[in-house]
Amino acid sequence: YKVDLPDEKIARMLDWDKPLSQQTKAVRDYFEPLTAKRRAVDAQAAGPEWGDLAGPQNYDPTGGELLQLLGNVDRMDAAAVLSGGTGGAQTAALLRSAGIPGIRYLDASSRGVGQGTSNFVVFPGEEAALTILERNNEIINALRKRKN
């Protein structure tokens, strides 16, 4: 399938690979309060007994780590969220209600280099925003004409 996803939906998606500081406004607005306490603790310098680790840290979790926070599980991967597995359906519903329509993540050929093209997944209830353009390399209008 080749599908059109409106830019306004993409602009509000959680990016699995980017840190919170580089997420869309909708994502930052939702997760900032959830991460504020941890950021405040990490920003404090530790005592000298910690040596090189005494400096303040910048807590800036990636989209994948943010999902893990919501799922309240030791490990959450894209498959769990997208298939409705551990915390998946509830997490998707929670994010959708916060105005985050889905997740974007680097595709297999881009993941190794850290940039390039992405895959997009919309949460249940957002399907109406999609327009199917092609199926099996055939333009949808050509398929409709053939059926009529």
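What you are looking at is a predicted structure, and each value in this text was computed from that prediction instead of being measured.

Our focus in this paragraph is the overall build of the protein chain. A tally of regular secondary structure across the protein chain gives seven helices and six strands. Of the regular secondary structure in the protein chain, the N- to C-terminal order runs β-α-β-α-α-α-α-β-α-β-β-β-α. Counting over 148 residues, the protein chain shows a buried share of 32%. Pairs at least 24 apart in sequence give 53% of the contacts found in the protein chain among residues at least 6 apart. Looking at the protein chain as shown, the accessible area adds up to about 9500 Å², and 51% of this sits on carbon and sulfur atoms.

What follows is about the sheet that holds strand β3 (residues 102-106). Taken in spatial order, the three strands line up as β2-β3-β4 in an open sheet, and their pairing is mixed. Unpaired on one side and paired on the other, β2 (14-15) and β4 (118-122) mark the two borders of the sheet. Of the pairings in the sheet, the one linking β2 to β3 comprises two bridges and is parallel in character. Within β3, the position partnered with L14 by the bridge is I103.

Next up on the list: the packing of aromatic side chains. Counted by the stated rule, this structure contains one aromatic pair. Ring centres 5.0 Å apart and planes at 85 degrees place the aromatic pair Y30 and F31 in the edge-to-face group. The cationic tip of R38 hangs over the ring face of Y59; the distance from NZ or CZ to the ring centre is 4.0 Å.

Moving on, we come to the pattern of salt bridges. Throughout the structure, instances matching the rule amount to eight salt bridges. In this structure, R104 engages D15 in a salt bridge whose closest nitrogen and oxygen atoms are separated by 3.8 Å. Of this pair, R104 sits in strand β3 while D15 sits in strand β2, placing them 89 residues apart in sequence. The exposure class assigned to D15 is buried, which follows from its relative accessible area of 9%. Counted as one network, the salt bridges with shared partners bring together E8, K9, R12, R96 and E126.

To continue, consider the sheet that holds strand β1 (residues 2-4). The strands making up a sheet associate through backbone hydrogen bonding, with each pair oriented either parallel or antiparallel. Spatially, the three strands line up as an open sheet ordered β1-β5-β6, and their pairing is antiparallel. Both outer strands of the open sheet, β1 and β6 (138-139), are each paired with one neighbouring strand and no more. Two strands pair when backbone bridges link them, and strand β5 (residues 131-135) and β6 are joined in this way by two bridges, in the antiparallel orientation. Opposite R135, over in β6, you have E138 as the bridge partner.

Time to look at the nonpolar core. In terms of nonpolar packing, the biggest core is built from 13 residues, with L14, F31 and I100 touching the most fellow members. Residue assignment for this core shows that the elements contributing at least two residues are α2 (25-42), α3 (63-71) and α5 (88-97). Residue contributions to this core peak at three residues, all from α2.

On to the pairing of β3. On a regular strand, one side chain projects to one face of the sheet and the next to the other, so that they alternate. For β3 and β4, the ladder comprises five bridges, and the chain directions are antiparallel. Its bridge partner being in β4, Y105 is matched across the sheet by N119.

Here β1 pairs with β5 via three bridges, running antiparallel. Residue pairing in the sheet places K2 in a bridge with E134 of β5. Here β5 folds back onto β6, and the loop between the two strands holds two residues, one of which, N136, carries a positive phi near 55 degrees.

Reading the values: the criteria
Residues numbered from 1 in each chain as written. Predicted model: local features only at pLDDT ≥ 70, side-chain atom pairs only at ≥ 80, totals over all residues. Heavy atoms only, no water. Helix = DSSP H or I, 4+ residues; strand = E, 2+ residues; numbered from the N terminus. Buried < 20%, exposed > 50% of the residue type's maximum accessible area, 1.4 Å probe, protein only. Contact = heavy atoms within 4.5 Å. Areas by Shrake-Rupley, 256 points an atom, 1.4 Å probe, with all protein chains shown as cover. Pairing = 2+ DSSP bridges. Phe/Tyr/Trp six-rings, centres within 6.5 Å; stacked < 30°, edge-to-face > 60°. Lys NZ or Arg CZ within 6 Å of the ring centre and 35° of its normal. Salt bridge = Lys/Arg side-chain N within 4 Å of Asp/Glu carboxyl O. Core = buried A, V, L, I, M, F, W, Y, C linked by side-chain atoms within 4.5 Å.

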